[in-house]
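Analysis of the macromolecular model
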Amino acid sequence: MKLPPLKLSRKWLIFSVTATGTFMGTLDGGIVNIALPSMAKQFGANIENIQSVVSIYLLAVTCFLPVFGKLSDMYSRKKMYLGGFALFGVGSVLCSLAGNLPFMVFARALQGLGSSAMMANSQAIIAKAFSGKTRGRALGGIGAVVALGSLAGPAVGGFLIQHFGWPSVFWVNVPVCLIGIWRGLQIIPRFEPIQKMRMDIWGAVCFILASFAFLYALNEGPGKGWSSATILGAFAAAILFFGGFFMREKTAKTPFIGLSIFKIPAISYGYAVAVLGFMAIFCNSVLFPFYTTDILHIDAVQTGLLILPFPIALAVTSTVSGVLSERYPARIITTVGLGFIITGTLMFAFIGTSPSFFYIGLAQFIIGSGSGTFQVPNNNTVISAAPKNKLGIVSSVNALARNAGMIMGIALSVAVYAAVQSYFESAGLPHTQAFMHGYQAAMLFGAGAAFIGGIISAAR
């Protein structure tokens, strides 16, 4: 049975529930990044190993996004979204109890599965509830919520870590999960599923295994060595399973994703820009806390304060960008945003060992402005171009592109950093100078990714 048109007040109540899940995810991300040095010290891990706490979360999210997107098109989008809330809460409790790095990685993987179910459905729920001009404003509002979570994360995380230890940062997710589930049961309607759609199990398995193998190789390459048998084997497995996935997509009666969506220019260009944009943004997410700890010698609270300009700028520009996307071509707004990201990333590349806090804050503000400016119109373009019967899968692959960019940005920037830092350290340079050479190379890599994204955005 088709639902009657939703009243505007009901639409914004639905928005509030999706905003709660978005807030929780971004809050957790900001807190965990700040907690990495403390975790590394307790677990006896180096930068290359401790990054797995972030990367395994993104890995789990990315590999399963299309699965949850497909299931939401087939069954209840509401149940899938709220089930993700519950699983994220369970994972948060286990993270707080972790006594070693392997258990922490396992718990973060559970968190990632829960977040994947939420991410695969949040934009689709908004797209079903909102239409026309209000959709851009709703997506812009989600961008502002992302900024609010990012804003609260470093500040809250720094305070909790300093006074209660890093396990406390995961407990803040629990009440947010409970509130989100409670409100979601009351507010989110059961949008009509597509009953005739079926899941291609073999296609899904090939996609998950291929994505896992490829992203695992990127994540573990810096620590295990790019020429190691494990990493080469992972890349080989990725090629094998991706080949199986493409063959299955061409022969299956009901393909898992349906490669026809990539023939829609607005979608394919949007995905490419999302991958490159988030690669650039996340090049600094893991390395920056180590820069402030090892080079500037400041504590977690001060590090959190230095990150604050990023989410402040993100909150402002996401809202403005949502309104502008209703009036101007997305390619113009998106390209301008990527230009901001290039500028801020280059500022970090040439930051030196004794920058002023104003310089750091300005660089964070510029990158945050670029992030908020490029995301909203890019997302709106992709979602608006989605066929009605593939809204869930298009939305989930859009989130997949975003998260794949995050993982690649983290893994490749750490790989670039580690290779350059190791080279200069072996050449006899002191640790500080070697660190700065590696950090600069990683930031230049991020600026390059944003530059390529800008070219693609301008060309669409």
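Here the structure is a predicted model, which means the values were calculated and not measured.

When you go through the protein residue by residue, the secondary structure sums to 18 helices and zero strands. A compact globule built from 460 residues should have a C-alpha radius of gyration of about 23 Å, and the protein, at 21 Å, falls within 12% of that. Considering only C-alpha atoms, the protein reaches an extent of 70 × 45 × 45 Å along its principal axes. For the protein, the residues scored as buried account for 58% of the 460 residues in total. Considering only intrachain contacts with a sequence separation of at least 6, the fraction spanning at least 24 residues in the protein is 83%. With the model as given, the accessible surface of the protein reaches about 18,100 Å², and the carbon-plus-sulfur share is 70%. With 29 positive and 11 negative side-chain charges, the protein shows a separation of 19 Å between the mean positions of the two kinds.

On the surface, Ile 312, Val 316, Val 320, Leu 324, Tyr 328 and Phe 365 cluster together into a nonpolar patch covering about 530 Å² of accessible area. No other element matches the four residues that helix H14 (residues 309-324) contributes to the nonpolar patch. Positionally, Ile 312 belongs in helix H14.

Let us look at the nonpolar core. Membership of the largest hydrophobic core comes to 133 residues, with the highest contact counts inside it found for Met 39, Ile 50, Met 104, Tyr 291, Phe 348 and Tyr 439. The element that contributes the greatest number of residues to this core is helix H17 (residues 391-426), accounting for 15 residues.

This paragraph deals with unusual backbone geometry. The residue His 297 is not glycine, and still its phi comes out positive at about 60°. Locating His 297 in the fold gives a position in the loop between helix H12 (287-294) and helix H13 (300-307).

The next subject is helix H8 (residues 173-187). Look at H8: 21 Å from first C-alpha to last across 15 residues, which is about the 21 Å you get at 1.5 Å a residue. Asn 173, Val 176, Cys 177, Gly 180, Gly 184 and Ile 187 are the residues of H8 that are buried. Projected down its long axis, H8 shows its buried positions confined to an angular sector of 115°, all on one face. Away from its buried face by more than 90 degrees, H8 exposes Leu 178, Trp 182 and Leu 185.

Where H17 contacts helix H18 (residues 431-459), the two axes come as close as 7 Å, and the packing angle between them is 145°. H18 is crossed by H17, and the crossing has right-handed handedness. Contacts from Leu 412, Ser 413, Val 416, Tyr 417, Val 420, Gln 421, Phe 424 and Glu 425 in H17 reach His 431, Ala 434, Phe 435, His 437, Gly 438, Tyr 439, Ala 441, Ala 442 and Phe 445 in H18.

Structurally, Thr 373 is set in helix H16 (residues 357-384). On the basis of relative accessible area, Thr 373 is assigned to the buried category, the value being 12%. One polar contact links the side chain of Thr 373 to the main-chain carbonyl oxygen of Ser 369, over a distance of 2.6 Å. Aside from chain neighbours lying at most four places away, what touches Thr 373 is Thr 317, Ser 321, Ile 333, Gly 337 and Phe 340.

On to the state of the cysteines. Applying the stated criterion across every chain yields a total of zero disulfides. Take Cys 177: it sits in no disulfide, and the sulfur closest to it among the cysteines is that of Cys 95, at 11 Å.

Before going further, it helps to examine the packing of aromatic side chains. In this structure the tally under the stated criterion is 18 aromatic pairs. When the centroid spacing of 6.0 Å and the interplanar angle of 15° are considered together, the rings of Phe 212 and Tyr 216 count as stacked. With Phe 212 and Tyr 216 both in helix H9 (residues 201-224) and four residues apart, this pair spans about one turn of that helix. When the ring of Phe 262 is compared with that of Tyr 271, the centres are 5.7 Å apart and the planes differ by 65°; the resulting orientation is edge-to-face. Using a relative accessible area of 6% as the deciding quantity, one classes Tyr 271 as buried. Three or more aromatic residues joined by ring pairs make a cluster, and in this case those are Phe 288, Tyr 291, Phe 348, Tyr 417, Phe 435 and Tyr 439. Cation over ring: Arg 108 sits above Tyr 57, and NZ or CZ is 4.4 Å from the ring centre. Sitting over the ring of Trp 182, Arg 183 keeps its end group 5.5 Å from the ring centre.

Here we take up the environment of Thr 62. On the secondary structure map, Thr 62 appears in helix H3 (residues 52-74). Residues Thr 62 and Ala 415, spaced 353 residues apart in sequence, show a C-alpha to C-alpha distance of 20 Å. The residues touching Thr 62, leaving out its near neighbours within four places in the chain, are Leu 215, Leu 400, Asn 403, Ala 404 and Ile 407.

Take the pattern of salt bridges next. A side chain of one charge can pair with a side chain of the opposite charge if their charged atoms are brought near each other. The full count for this structure, using the stated rule, is one salt bridge. With a closest N to O distance of 3.0 Å, Asp 200 and Arg 248 form a salt bridge. Taken together, the residues span a long stretch of sequence, with Asp 200 in the loop between H8 and H9 and Arg 248 in helix H10 (residues 229-251) at a distance of 48 residues. We classify Asp 200 as buried; its relative accessible area is 6%. For Arg 248, a relative accessible area of 31% translates into the label partly exposed.

What counts and what doesn't
- Residues numbered from 1 in each chain as written.
- Predicted model: local features only at pLDDT ≥ 70, side-chain atom pairs only at ≥ 80, totals over all residues.
- Heavy atoms only, no water.
- Helix = DSSP H or I, 4+ residues; strand = E, 2+ residues; numbered from the N terminus.
- Rg over C-alpha atoms; globule rule 2.2 N^0.38 Å.
- Buried < 20%, exposed > 50% of the residue type's maximum accessible area, 1.4 Å probe, protein only.
- Contact = heavy atoms within 4.5 Å.
- Areas by Shrake-Rupley, 256 points an atom, 1.4 Å probe, with all protein chains shown as cover.
- Lys, Arg positive; Asp, Glu negative; His and termini not counted.
- Charge placed at Lys NZ, Arg CZ, Asp CG, Glu CD.
- Patch = residues over 30% accessible without salt bridge, like charges linked within 9 Å, V, L, I, M, F, W, Y side chains within 5 Å.
- Salt bridge = Lys/Arg side-chain N within 4 Å of Asp/Glu carboxyl O.
- Core = buried A, V, L, I, M, F, W, Y, C linked by side-chain atoms within 4.5 Å.
- Expected span 1.5 Å × (residues − 1).
- Arc of directions from axis to C-beta.
- Axes fitted to C-alpha atoms, helices over the stretch in contact; angles between N-to-C directions.
- Left-handed = near helix turned anticlockwise from the far one by under 90°.
- Polar contact = N/O pair within 3.5 Å; in protein donor to acceptor, adjacent residues only side chain to side chain.
- Disulfide = S-S within 2.5 Å.
- Phe/Tyr/Trp six-rings, centres within 6.5 Å; stacked < 30°, edge-to-face > 60°.
- Lys NZ or Arg CZ within 6 Å of the ring centre and 35° of its normal.

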